[in-house]
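Secondary and tertiary structure notes
The primary structure of each chain is shown beneath.
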Amino acid sequence: HMRGTVTAFSPFDARADAEALRKAMKGMGTDEETVLKVLTTRNNAQRQEIAAAFKTLFGRDLVDDLKSELTGKFETLMVSLMRPAYIFDAHALKHAIKGAGTNEKILTEILASRTPAEVQQIKQVYLQEYEANLEDKITGETSGHFQRMLVVLLQANRDPDAGVNESLVEQDAQVLFRAGELKWGTDEEKFITILGTRSVSHLRRVFDKYMTISGFQIEETIDRETSGDLEKLLLAVVKCVRSVPAYFAETLYHSMKGAGTDDDTLIRVMVSRSEIDLLDIRREFRKNFSKSLYHMIQKDTSGDYRKALLLLCGGDDE
């Protein structure tokens with residue numbers, strides 16, 4: 001059941017949209033308003049049809065035209081909207097591991113939040129698009145327990161949500177307690193195995209039981225007992241187990257709070273969640289940060305970039 005802000009536009013006419021976009025970009029100057037209105041109000045499948053119609057009608061590549069006519073963050077946002085979902089994630093991961101320095105933040109955000117089925121799909125698309133094995137690429141650029149946890153997540157073997165077995169819940173909670181709070185030096189392997197392979201409903205019960213046994217939220221223990229990239233990844237996994245929309249609400253909030261905006265993260269989350277759960281993310285945002293996502297975007301961005309983001313956001317939650 002999708003809880004996105006962007007849904008299929010109806011009545012949809014790919015040729016008419018292609019013609020409108022060509023007219024908006026032809027000749028001197030660009031009519032950005034038309035470009036952003038069309039692309040933010042059609043869903044991804046429809047955008048692909050528009051691109052196909054654009055090529056048929058004009059013999060031109062829509063994405064190339066967008067790249068040559070637009071600039072800056074607005075261009076990045078429009079081009080991102082044109083990428084099919086799995087290619088979007090594969091592309092983000094490819095750029096996170098290429099060249100000097102790895103962007104651990106992107107690896108963490110995508111691999112902690114995607115479902116096992118989505119991860120399988122991303123791996124396939126990565127192989128098709130880049131003729132390379134995603135797991136090999138990631139293991140080549142990362143190390144230690146952080147790498148181990150990423151590899152576990154890449155296996156996409158999380159147990160399916162069946163019934164919860166209370167004695168196994170108790171057992172896992174005890175194992176985590178002994179591996180963390182009770183141990184001199186942390187047994188990270190136990191955290192990696194349990195957080196990386198157990199079902200979501202099982203883990204939610206484990207977190208409750210952990211609190212009962214230890215008097216701490218599991219997040220507090222991870223915070224105290226681990227550090228660096230591993231800590232961030234384990235925390236992201238825990239947050240996504242508790243609530244993926246709450247995790248993304250927090251990610252969006254941090255991309256905009258304080259001085260300067262992390263536009264890459266803002267664009268990545270708004271685009272990748274627009275057809276999945278952005279309505280739920282908005283609700284969590286309002287609940288947890290006592291302001292609306294709409295209002296924060298409005299305050300933090302400007303121009304056509306702002307207009308497009310606000311259309312993707314789809315409304316205010318006063």
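All of these numbers come straight from a predicted model, not from anything done at the bench.

Cut-off values and rules
Residues numbered from 1 in each chain as written. Predicted model: local features only at pLDDT ≥ 70, side-chain atom pairs only at ≥ 80, totals over all residues. Heavy atoms only, no water. Axes fitted to C-alpha atoms, helices over the stretch in contact; angles between N-to-C directions. Helix = DSSP H or I, 4+ residues; strand = E, 2+ residues; numbered from the N terminus. Parallel < 35°, antiparallel > 145°, perpendicular 65-115°, else oblique. Left-handed = near helix turned anticlockwise from the far one by under 90°. Contact = heavy atoms within 4.5 Å. Buried < 20%, exposed > 50% of the residue type's maximum accessible area, 1.4 Å probe, protein only. Nonpolar A, V, L, I, M, F, W, Y, C, P; charged D, E, K, R; others polar. pLDDT = per-residue confidence, 0-100. Phe/Tyr/Trp six-rings, centres within 6.5 Å; stacked < 30°, edge-to-face > 60°. Salt bridge = Lys/Arg side-chain N within 4 Å of Asp/Glu carboxyl O. Expected span 1.5 Å × (residues − 1).

Moving on, we come to the packing of helix 1 (residues 14-25) against helix 4 (residues 62-69). Contact geometry of helix 1 with helix 4 gives a least axis separation of 11 Å together with a crossing angle of 30°. Judged by the inter-axis angle, helix 1 sits roughly parallel to helix 4. Helix 4 is crossed by helix 1, and the crossing has left-handed handedness. Counted together, Leu21, Arg22 and Met25 of helix 1 and Leu62, Asp65, Leu66 and Glu69 of helix 4 form the full contact between these two elements.

This part covers the environment of leucine 150. Along the chain, the position of leucine 150 falls in helix 10 (residues 144-155). Sequence-wise, leucine 150 and leucine 310 are 160 residues apart; in three dimensions their C-alpha atoms are separated by 33 Å. Not counting residues up to four positions away in its chain, the partners in contact with leucine 150 are Leu107, Leu111, Ile138, Thr142 and Leu233.

Right, let's talk about the environment of lysine 37 for a bit. Within the secondary structure, lysine 37 sits in helix 2 (residues 32-41). Lysine 37 gets classed as partly exposed once you look at its relative accessible area, which sits at 42%. Placed 192 residues apart in sequence, lysine 37 and aspartate 229 show a C-alpha to C-alpha distance of 39 Å. The residues touching lysine 37, leaving out its near neighbours within four places in the chain, are Arg42 and Leu311.

Here the amide bond leading from serine 10 into proline 11 is cis, since omega sits at -5°, within 30 degrees of zero. For proline 11, the location among the structural elements is in the segment before helix 1. Here the phi dihedral of alanine 156 falls at roughly 55°; this positive angle occurs in a residue that is not glycine. Turning to its location among the elements, alanine 156 is positioned in the loop between helix 10 and helix 11 (166-179). One non-glycine residue, serine 290, lies in positive phi territory at about 45°. Its place among the elements puts serine 290 in the loop between helix 18 (278-289) and helix 19 (293-300).

With that settled, consider the packing of helix 13 (residues 200-214) against helix 15 (residues 228-242). At a closest axis distance of 9 Å, the pairing of helix 13 and helix 15 adopts a crossing angle of 105°. As summarised for this structure, helix 13 and helix 15 are arranged roughly perpendicular, according to the angle between their axes. Between helix 13 and helix 15, the contacting residues are Val200, Leu203, Arg204 and Phe207 on the first element and Val238, Val241 and Arg242 on the second. Taken together, the residues of the contact of helix 13 with helix 15 break down into 5 nonpolar, no polar and 2 charged.

Looking at the protein chain as a whole, its pLDDT mean stands at 94, while 98% of the residues score no less than 70. The lowest-confidence element of the protein chain is helix 6 (residues 85-96), averaging 93 in pLDDT; the highest-confidence one is helix 3 (residues 44-58), averaging 98.

Quick look at the packing of aromatic side chains now. For the structure shown, the criterion picks out 7 aromatic pairs. With centroids separated by 6.1 Å and ring planes inclined at 65°, the aromatic side chains of tyrosine 253 and phenylalanine 285 adopt a geometry described as edge-to-face. Here tyrosine 253 is found in helix 16 (residues 244-256), whereas its partner phenylalanine 285 is found in helix 18, with 32 residues between them in sequence. For the pair formed by tyrosine 253 and phenylalanine 285, the shared burial category is buried. Members of the aromatic cluster, each reached through a chain of ring pairs, are Tyr253, Phe285 and Phe289.

This part covers the pattern of salt bridges. Within this structure, the stated rule accounts for 22 salt bridges. With its nearest N and O atoms 3.5 Å apart, the salt bridge here joins aspartate 208 to arginine 205. Here the residue aspartate 208 and the residue arginine 205 both occupy positions in helix 13, the gap between them amounting to 3 residues, near one helical turn. With relative accessibility at 28%, the residue arginine 205 sits in the partly exposed group. For lysine 307, the salt bridge goes to aspartate 304, with nearest N and O atoms at 3.9 Å. Taken as a pair, lysine 307 and aspartate 304 lie in helix 20 (residues 303-313) at a separation of 3 residues, close to a single helical turn. What makes lysine 307 partly exposed here is its relative accessible area of 38%. One network of salt bridges, with partners in common, ties together Glu33, Lys37, Asp304 and Lys307.

To continue, consider the environment of glycine 4. For glycine 4, the location among the structural elements is in the segment before helix 1. Once you skip the residues sitting within four places of it in the chain, glycine 4 turns out to touch Ser274, Glu275, Ile276, Asp277, Leu278 and Leu279.

Right, let's get into helix 10. In this model, helix 10 (12 residues) spans 17 Å end to end at C-alpha, consistent with the 16 Å of a helix rising 1.5 Å per residue. For helix 10, the complete set of buried residues consists of Phe146, Gln147, Met149, Leu150, Val151, Leu153 and Leu154. If you follow the buried residues of helix 10, they end up packed against helix 7 (104-113), helix 8 (116-130), helix 9 (134-141), helix 12 (188-197) and helix 15. Of the residues trailing helix 10, alanine 156 is marked for its positive phi of about 55°.

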